[in-house]
Amino acid sequence: MATGNSSDQQQYQPHPVWTALLTKLLANLILDQVRKGNTANNSLSNKAWNFITNEFYTRSGIKRDKEHLKNRFAALRREFSVVKLILARDNFVFDESTGCIIAADESWDQYVKECPDAEAVRRGGCPVYTQLSQIFGVVHLEEEPVLPQRSYEYAAVKTPKKRPSRGVEASIASAIVEMAAASRLRTNALTQMSSRFTLAECIRELDGINGVAENVYFAALEIFNNPSAREAFLSLRSDMRLTWLQWKCT
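Residues numbered from 1 in each chain as written. Predicted model: local features only at pLDDT ≥ 70, side-chain atom pairs only at ≥ 80, totals over all residues. Heavy atoms only, no water.

As annotated in an unreviewed UniProt entry, the protein carries the name (rape) hypothetical protein and is attributed to Brassica napus.

## Side note on the overall build of the protein
When helices and strands are tallied, the protein shows 13 helices and 4 strands. For the protein, the residues scored as buried account for 32% of the 250 residues in total. A sequence separation of at least 24 residues applies to 65% of the contacts in the protein between residues at least 6 apart. Working note: accessible area of the protein is about 16,000 Å², and carbon and sulfur atoms make up 53% of it. (Helix = DSSP H or I, 4+ residues; strand = E, 2+ residues; numbered from the N terminus. Buried < 20%, exposed > 50% of the residue type's maximum accessible area, 1.4 Å probe, protein only. Contact = heavy atoms within 4.5 Å. Areas by Shrake-Rupley, 256 points an atom, 1.4 Å probe, with all protein chains shown as cover.)

## Quick notes on the nonpolar core
Grouped burial of nonpolar side chains is what soluble globular proteins tend to show. Ranked by internal contacts, the top residues of the largest apolar core, which has 37 residues, are I30, I86 and L132. Listed by contribution, the elements that provide at least two residues to this core are α2 (20-35), α3 (46-60), α4 (66-87), α5 (105-114), α6 (118-124) and α7 (129-138). Tallying contributions element by element places α2 first for this core, with 8 residues. When near neighbours in sequence (up to four residues on either side) are disregarded, I30 contacts L44, W49, I52, F73 and I135. One finds F197, L206, V216 and I223 within the second-largest nonpolar core, a separate group that totals 14 residues. (Core = buried A, V, L, I, M, F, W, Y, C linked by side-chain atoms within 4.5 Å.)

## Points about the environment of V128
Summarising the element assignment, V128 is placed in the loop between α6 and α7. Each C-alpha atom of the pair V128 and N28 lies 8.8 Å from the other, and the pair is 100 residues apart in sequence. Those residues in contact with V128 that sit more than four places away from it in its chain are T23, K24, A27 and L76.

## Considerations on the pattern of salt bridges
Inspection of every chain in the model, using the stated rule, returns 10 salt bridges. For E55, the salt bridge is made with R59, and the minimal N-O distance between the two is 2.9 Å. You can see E55 and its partner R59 sitting in helix α3, 4 residues apart, about one turn around the helix. With relative accessibility at 53%, the residue R59 sits in the exposed group. Connected via shared salt-bridge partners are D105, D109 and R122. (Salt bridge = Lys/Arg side-chain N within 4 Å of Asp/Glu carboxyl O.)

## Digging into the side chain of R241
Its location among the elements puts R241 in helix α13 (residues 241-249). At 3.0 Å, the side chain of R241 and the backbone oxygen of F233 are in polar contact. Within the structure, the side chain of R241 is placed 3.0 Å from the backbone oxygen of L234, a separation counted as a polar contact. Residue contacts for R241: discarding those within four places in its chain leaves E205, I209, F233, L234 and L236. (Polar contact = N/O pair within 3.5 Å; in protein donor to acceptor, adjacent residues only side chain to side chain.)

## Digging into the packing of α2 against α4
Contact geometry for α2 and α4: axes closest at 11 Å, N-to-C directions at 90°. Viewed along their axes, α2 and α4 adopt a mutual orientation that is roughly perpendicular. Side by side, α2 and α4 meet where T23, L26 and I30 of the first sit next to L69, R72, F73 and L76 of the second. Its residues assigned to classes, the contact of α2 with α4 comprises 5 nonpolar, 1 polar and 1 charged. (Axes fitted to C-alpha atoms, helices over the stretch in contact; angles between N-to-C directions. Parallel < 35°, antiparallel > 145°, perpendicular 65-115°, else oblique. Nonpolar A, V, L, I, M, F, W, Y, C, P; charged D, E, K, R; others polar.)

## Considering the confidence of the model for the protein
Chain-level statistics for the protein give a pLDDT mean of 79 and a share of 71% at 70 or above. Across the protein, element-level confidence peaks in α3 with a mean pLDDT of 94 and bottoms out in helix α8 (residues 148-158) with 39. Long-range and interchain partners of residues 6-10, a stretch whose pLDDT sits below 50, account for 0 contacts in this model, where long-range means more than four residues apart. Across residues 143-159, where pLDDT falls below 50, the model places 12 contacts with residues more than four positions away in sequence or in other chains. (pLDDT = per-residue confidence, 0-100.)

## Structural notes on the side chain of Q33
Along the chain, the position of Q33 falls in helix α2. For Q33, a relative accessible area of 3% puts it in the buried group.

## Section: the packing of aromatic side chains
Following the criterion strictly, the structure yields 11 aromatic pairs and no others. For the ring pair F73 and F136, a centre distance of 6.1 Å and an interplane angle of 10° mean the geometry is stacked. With F73 in helix α4 and F136 in helix α7, the pair connects residues that are 63 residues apart, well separated along the chain. The structure contains a cluster of three or more aromatic residues connected by ring pairs, namely W49, F73, F80, F94, Y129 and F136. Between K63 and the ring centre of Y57, over which it is positioned, the NZ or CZ distance is 5.5 Å. (Phe/Tyr/Trp six-rings, centres within 6.5 Å; stacked < 30°, edge-to-face > 60°. Lys NZ or Arg CZ within 6 Å of the ring centre and 35° of its normal.)

The following block contains the structure:
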């Protein structure tokens, strides 16, 4: 009897950690239901949530009730709204390969002062932003509204004109220049990030941690090949780094 109860407790975790893989799994399941039209009144139908809950357990082996998954989706919806407002700024670029938002430190510092909620996105990015964009692009699932001035600017851009103005060519040239500048900014920011979170620095910090098992040490060297993992490791408090590495290894 004790063994059976222990197994159930391992499968169902009241307050589990949401890893990037589990978050991506949930986002993909929701997107699949949205594409199939399983929505009602701008929300996923109860049938859709039942399917998502069962499929999440089937694919991950982890039991999470429907309300827990809904709460996670609500958190992702808020994160999506934050990211969308960030990317509306000129100096911020989304890197689809890593899920990170690239910008100069000065731009981030200023933005976080204005919007403290953006600090979490600055550190962890939004790896499922592409999926969330598609979800809210297909149907407005209680999406939080953007600022009024952003809505006005979007409407102005979408307003059709009967004839192109004399300055069309100049506008196109200006847009090309802005795109080139954004590309240079992204390249410089990526270079800056790589120089801040180097493999050598990670290994130096790893060597300073006491009690690292040999298998964890060598697994960490593989993990550090990922730039995002290096940034996460060096951004953590020193007393949390070993716990994080052990979690990543399992």
